[in-house]
Amino acid sequence: MASSTPKHAILHGLNDAQRRAVTSDAATVAILAGPGSGKTHTLTARVVWLVDHVGFRPEDVVVATFTVKAAREMKERIGRALGNGRENKIVLGTFHSIARRYLAAYGRHIGLDQKFGIADSDDSRAIITRICKRFQLSVDAAAARAWISKQKAKGTEAASAAARKDAAKLPGQRDLETCYREYQRYLETSNLLDYDDLLVRCVELLRKFPSCVSNVQTVLIDEYQDTNGVQYELMKLFAQRHQRITIVGDPDQSIYGWRSAEIRNLWRLLQEFPSTDEVSLEENYRSSQSILHLSLLVIQQDKKRYQKALKPVHNRGSRPVLRKLKSAATEAEWIVSEIRRAIAMSGSMLTHNDIAILLRSASLSRHIESSLGKAGIAYRMVGGFKFYDRAEIKTLLDYLRVIHQPENNDALARIMNVPRRGIGEVTIKSLLEEAETSGLSLWAVLSKHCRGERTAKTKLTKHAEQRLSGGLLRPLTDIRRRVGEASGPNGTPFGLVQMIEHLLSVLSFEKHLLASHPDDHEQRWANVQEFISLAADFVRDLDRSGDDFLPEIEGLQQTKEAEVLPRFLANVSLASDAQTGDDGQENKPLVTISTIHAAKGLEWPVVFVPAVYNGSIPHVRAEDGDEERRLLYVAMTRAQCLLYLSWPVFGSNGNGERNELSPFVAPVSGSFLDKGPCFDRPVMGEVARILQRKLPPESTIFGGLPALFNPEDNLFPVDPEHSKQEASAGFNGEDGRSGVVVPRAKRPRLQGPPTDQNGGDEAPWRREYTTTMEQSSAFTIASLPGFVSVGAHQAAIAAANAAPGVTQTTDTVKRSTTRRPADQKSILGFVRSNSGPARPAATALPSARMDTALQARQPTGVQPPQCSPAKQAIDPALSGHRLKTGKLLNRPTAASDGDSGKRKQYACFSSSPPRPAAVEDDTGTNTAEVEDDERPEPTRAAACLHVTTCNLPKGLGVGFRRPAGLGRENITPIERLRKPFKPLTISRS
DNA sequence: CTTTGCGGTCTTTTT
DNA sequence: GACCGCAAAG
């Protein structure tokens, strides 16, 4: 074996199912698993396996993720495992960035100008608004934009089918189409691609010139449930040569439906690649049992979902909290008080880094940010406002874009009067119109006018003309020229940073800021400085690890991307956020505030999910209620040890509007604590075990408590309304029918006045027994004494598994089957049987083993790889994923659900984990084991406290470049491929 | 024609 | 609390 990494090292620390997924020799592998089951870890290991063990060249492996953050993390992890910087050769990134890379290299084959720019959402909005005005279209610009984006995202296959179907449709349709057409025409003349175009054009490229990807051996996709139509096509096209695809996903975490993500793509894949090896990972290594239990109670309200097993590995932990507060402001204060309490009562075992506040909308952060700020707690905000969205940064970027692409009318129009040049809105609009109707670019109109070659129809004052010519056109032309010279032999280097600095001085940018933002010009100027250092970092990282390397393919000309500027601009457009440099500010612990969407794939020991009221989750404007529920599920399953949901009873817009508890939470509200848990020794001990940390001795903890510290969560009334009889009683009606075991909501005990409860209560943390660190090893089972490292523990399990006689492995571990449990059907089978018209779901293959399931789809499996057969198999109701909760039209299972709550017979899926409350958590199975692979990276402190930037380790955002042709032996891809696959380590019967 | 000041309107999620 | 449209002053 020519493996650089020994096999056992790749597989080290993986459980059986993960191992099977990693080593599977099937061409297509689908890994379906719930949160915290090590999906990404498994995918990473498979990449390493494919490279080091199977022998694919890294540059022949494509790994696509959905978000920039995921791509960064993936790259870092692969880098750690692979070493030698080989991760830089892998074609790894978001779908959009990979597509851009291919278009930059080969785009001219499909007639794409090499210097194409990327139109961001602001650009497209502006363009579409203008088009709607000019053509007097009777459509809302925003709606048109959404429609156009949907059209593109559908993918060509679906689009052509749809086109036939609704040929004659709504009256608005015509206008929409006109708008679409004009929009595309405009983008083309400005040499711009919008986000969707990147994918669409790449599909076109790979379809017409398959040789571009002829080297690709295998394709791996993370968060597959979020792919949309085009991305699905793109995936297949990348893999067109060898059809080797590995996907990882979880239908329950599909939260991008609004961006045209299609869960259906999962069925579609299984349909089109019938011999796909399905692997499910069932152990949850992240959360405590009680967190998992409650999360499942929430997600199971969706009766149409494909149910997967999810087995907690950890101990029970403390029950999640559902806290009711008076207002959003109180809620924020309460969060601060709980953060302080948790940290203090853990003796600083927990730090701010361990805490996340996850929001449905970024705008909800206002109160929370101000409370944290008042309390002096440092935080960072992920998602929401972005660094590059700041006005001053956008202006600078627009200047850079115009330097790069003079024909970018929108950018030019935006900067024409910034800094002020005495040119108003009206003039600019008129000039833009003139440019568009005359077929010239705005730049051309202006420069011709100023040179006297052609007089613009629009009147310009002498003053404006002068400033335009001297302050805009000339300097930019000048910069452009100097960039050109720099690439010559002896030219003085005029790098990106110099360019920006030059620009700043030519524009007197600091003065401009002072004039236009007298209040906060300092902050804004600081942002500009930050921007410069970002650019410097980018240039440096480009030198170090390179970017955008695509392997050479024989007989196919690549366009080399030489210039820094276009790459910088592309990086900005495609990166969701800036990575700030390592400017001073050591690793100060920061609380994370994030949108739920941006938190996917991450985990924290302590998670707050505020604003769980109707209108926030589910959001008022949300179209798909089930998706909103999944969103809540994603948020809840980020938590490892402590989970807090909360909601303000009264809306914050003054007029005493009442909120309603989220309907996803209300039915199970009784399963929550109504206030923060008492952090006594056992509770904190469990936290420590889950996190594998050392809990300081009690003396240290109490010694460190500030004076007058309140050890309980009783600063705020449990029922802020004082009325004892309202609450959530109304929601319990459905429970019996839906079969969810819900303890009756407990009436919150009436609390005394919030202030004076301290002395009276018996101090709950002062237990009779003291559990010291040493004694706490007794919590864990004898065979694995004390706190062990993950690696050691995994090794122990592995060893135990290897020796069949040894019984000390826990039940949980032993049952970590490598396949679906006996009563869990293939996900494809699930779809099939659900789509059957009157088939009682419960009887459908009640004990289908995988083999039978496989057989079941074999006959139909041989199908033309078109989407039509797949469509047939999908229950339309399901594919829409739009079924309302509780409207369970007389399902035959309803009856069986009702009776004795032993083990629910879910319609054709597995035994599923809502563990009855009676299950003992101390069966000795739960050693403190943790898979830390999905722990968020420690992040650097922001430059200042309240900046909303996300700091990630540097050097990971950029792609990679390698001197072409270096270090590559003359082994053709084909020969590589011929290498025998390693036989499976796990026997399959 | 541009700038400034005022009042009414809305507030998802991301590449 | 930020953004748009409108009216009046420079």
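Under the annotation held in an unreviewed UniProt entry, chain A carries the name DNA 3'-5' helicase and is attributed to Thermothielavioides terrestris. Quoted verbatim from the Sequence similarities (unreviewed entry) heading of the UniProt record, the comment on chain A is "Belongs to the helicase family. UvrD subfamily."

Draft legend 1. The arrangement of the overall build of chain A in detail. The number of helices and strands found in chain A is 37 helices and 16 strands. When burial is assessed residue by residue, chain A has 58% of its 989 residues classed as buried. Contacts spanning at least 24 positions in sequence make up 83% of the contacts within chain A whose residues lie at least 6 apart. In the structure as shown, chain A presents an accessible area of about 40800 Å², 54% of it carried by carbon and sulfur atoms.

Draft legend 2. Layout of the packing of aromatic side chains. Under the counting rule described, the total for this entry stands at 11 aromatic pairs. Centre to centre, the rings of Trp334 and Phe608 are 5.9 Å apart; their planes meet at 85 degrees, and the pair counts as edge-to-face. Of this pair, Trp334 sits in helix α14 (residues 328-345) while Phe608 sits in strand β15 (residues 604-609), and the two are 274 residues apart along the sequence. Each member of the pair, Trp334 as well as Phe608, carries the same accessibility label: buried. Here the aromatic rings of Phe387 and Tyr388 are separated by 5.7 Å at their centres, their planes lie at 70 degrees, and the arrangement is edge-to-face. No difference in accessibility class separates Phe387 from Tyr388, as the two residues are buried.

Draft legend 3. Focus on the pattern of salt bridges. Per the counting criterion, the structure on display carries 46 salt bridges. Among the ionic pairs, Asp719 bridges to Lys324, the shortest N-O distance being 3.7 Å. Pair noted here: Asp719 is in the loop between α28 (698-704) and α29 (735-738) and Lys324 is in strand β11 (residues 321-325), with a separation of 395 residues, a long-range link. Look at Asp719 and you get buried, because its relative accessible area is 14%. Residue Lys324 is classed as buried on the basis of its relative accessible area, which comes to 12%. Within this structure, Asp123, Asp398, Arg401 and Arg414 form a network of salt bridges that share partners.

Draft legend 4. View of the pairing of strand β3 (residues 91-94). Where strand β2 (residues 61-65) meets β3, four bridges bridge the pair, whose relative direction is parallel. From the neighbouring strand, Ala64 faces β3, where its bridge partner is Gly93. As for the winding sense of the linkage, the β-α-β connection from β2 through helix α4 (residues 68-82) to β3 is right-handed.

Draft legend 5. Spotlight on the domain arrangement of chain A. Segmentation of chain A into domains returns domain 1 (9-115 + 194-281), domain 2 (117-162 + 171-190), domain 3 (300-378 + 588-704) and domain 4 (388-545). Placing the centre of domain 2 and that of domain 4 at their C-alpha centroids yields a distance of 27 Å. The interface of domain 2 with domain 4 comprises 13 residues on the first partner and 10 residues on the second. Summing the contributions of domain 2 and of domain 4, the shared interface buries around 1000 Å²; its carbon and sulfur component is 32%.

Draft legend 6. Structural view of the sheet that holds strand β1 (residues 28-33). Spatial strand order, β3-β2-β6-β7-β1-β8: six strands in an open sheet with parallel pairing. Sheet topology places β3 and β8 (277-281) at the edges, where each strand pairs with a single neighbour. For this sheet, the mean angle separating the axes of adjacent strands, direction not counted, is 15 degrees. Of the pairings in the sheet, the one linking strand β6 (residues 218-221) to strand β7 (residues 245-249) comprises three bridges and is parallel in character. Paired with Leu220 across the two strands is Thr246, which belongs to β7.

Draft legend 7. Spatial organisation of the side chain of Ser254. By secondary structure assignment, the location of Ser254 is in the loop between β7 and α12 (264-272). Leave out the neighbours within four places in its chain, and Ser254 touches Gln225, Asp226, Ile263, Glu627 and Arg630.

Draft legend 8. Expanded view of helix α9 (residues 172-189). Taking 1.5 Å of rise per residue, 18 residues should cover 26 Å, and α9 covers 26 Å from first to last C-alpha, within 8% of that figure. Buried within α9 we find Gln173, Asp175, Leu176, Thr178, Cys179, Glu182, Tyr183, Tyr186 and Leu187. Phi for Asn191, located one or two positions after α9, is positive at around 60 degrees.

Draft legend 9. Up close: the sheet that holds β15. Strand order across the open sheet formed by six strands is β11-β16-β15-β12-β14-β13, with parallel pairing between neighbours. Of all the strands in the sheet, the pair left with one neighbour each is β11 and β13 (379-382). Across this sheet, the average inter-strand angle for adjacent strands is 20 degrees, counted without regard to direction. Where β15 and strand β16 (residues 639-648) come together, five bridges link them in parallel fashion. Looking at the pairing, Val607 lines up with Leu643 of β16. Sheet contacts for helix α15 (residues 365-375): β12 (355-359), β13 and β14 (591-595); angle to β14, the most-contacted strand, approximately 170 degrees.

Draft legend 10. Spotlight on the packing of helix α2 (residues 16-23) against helix α3 (residues 39-54). For the pair α2 and α3, interaxial distance at closest approach is 8 Å and the crossing angle is 40 degrees. One way to sum up the angle between α2 and α3 is to call them oblique. Seen from above, α2 lies across α3 with right-handed handedness. Where α2 approaches α3, its residues Gln18, Ala21, Val22 and Thr23 are matched on the opposing element by Thr42, Ala45, Arg46 and Trp49.

Draft legend 11. Looking closely at the confidence of the model for chain A. Per-residue pLDDT for chain A has a mean of 74; in total, 68% of the residues score no lower than 70. Counted against residues more than four places away or in other chains, residues 723-793, with its pLDDT under 50, gives 93 contacts. Under a pLDDT of 50 for its full length, residues 802-819 has, in the predicted model, 34 contacts with residues more than four places off or in other chains.

Draft legend 12. Expanded view of the pairing of β13. Burial along β13 is two-sided: Tyr379 and Met381 and Arg380 and Val382, pointing in opposite directions, are all buried. Where β13 and β14 come together, four bridges link them in parallel fashion. Looking at β14, one finds that Tyr379 is bridged to Val591.

Draft legend 13. Looking closely at the environment of Thr458. As for its placement among the helices and strands, Thr458 is situated in the loop between α19 (442-451) and α20 (462-486). Through-space distance from the C-alpha of Thr458 to that of Leu473 is 18 Å; in sequence the pair is 15 residues apart.

Draft legend 14. Highlighting the nonpolar core. Counting residues in each nonpolar core, the largest one holds 53 residues, and the members touching the most others are Leu400 and Phe531. Element by element, the count of residues in this core is highest for helix α23 (residues 521-545), at eight residues. Those residues in contact with Phe531 that sit more than four places away from it in its chain are Phe387, Tyr388, Ile393, Leu396, Leu397, Leu400, Ile500 and Phe568. Ranked by size, the runner-up nonpolar core spans 50 residues in total, among them Ile98, Leu205, Ile263 and Leu550.

Draft legend 15. Structural view of unusual backbone geometry. Across the junction of Val418 and Pro419, the peptide omega takes the value -5 degrees, indicating a cis bond. Positionally, Pro419 belongs in the loop between α17 (409-415) and α18 (425-438). Omega for the bond connecting Ile617 with Pro618 falls within 30 degrees of zero, at -5 degrees, which places this linkage in the cis form. Position of Pro618 relative to the elements: it lies in the loop between β15 and α26 (625-636). With a phi close to 50 degrees, Glu223 is a non-glycine residue in the positive phi region. Structurally, Glu223 can be placed in the loop between β6 and α11 (229-238). On the basis of relative accessibility, which here comes to 11%, the residue Glu223 falls in the buried class. Positive phi is not limited to glycine here, since Ser348 has a value of about 65 degrees.

Analysis parameters
- Residues numbered from 1 in each chain as written.
- Chains lettered and ligands numbered in written order.
- Predicted model: local features only at pLDDT ≥ 70, side-chain atom pairs only at ≥ 80, totals over all residues.
- Heavy atoms only, no water.
- UniProt positions renumbered as here; feature names shortened; annotations may be inferred.
- Helix = DSSP H or I, 4+ residues; strand = E, 2+ residues; numbered from the N terminus.
- Buried < 20%, exposed > 50% of the residue type's maximum accessible area, 1.4 Å probe, protein only.
- Contact = heavy atoms within 4.5 Å.
- Areas by Shrake-Rupley, 256 points an atom, 1.4 Å probe, with all protein chains shown as cover.
- Phe/Tyr/Trp six-rings, centres within 6.5 Å; stacked < 30°, edge-to-face > 60°.
- Salt bridge = Lys/Arg side-chain N within 4 Å of Asp/Glu carboxyl O.
- Pairing = 2+ DSSP bridges.
- Right-handed = clockwise from strand over helix to strand, strands pointing away.
- Domains from an automatic or database assignment.
- Buried area = accessible area lost by both parts, 1.4 Å probe.
- Axes fitted to C-alpha atoms, helices over the stretch in contact; angles between N-to-C directions.
- Expected span 1.5 Å × (residues − 1).
- Parallel < 35°, antiparallel > 145°, perpendicular 65-115°, else oblique.
- Left-handed = near helix turned anticlockwise from the far one by under 90°.
- pLDDT = per-residue confidence, 0-100.
- Core = buried A, V, L, I, M, F, W, Y, C linked by side-chain atoms within 4.5 Å.

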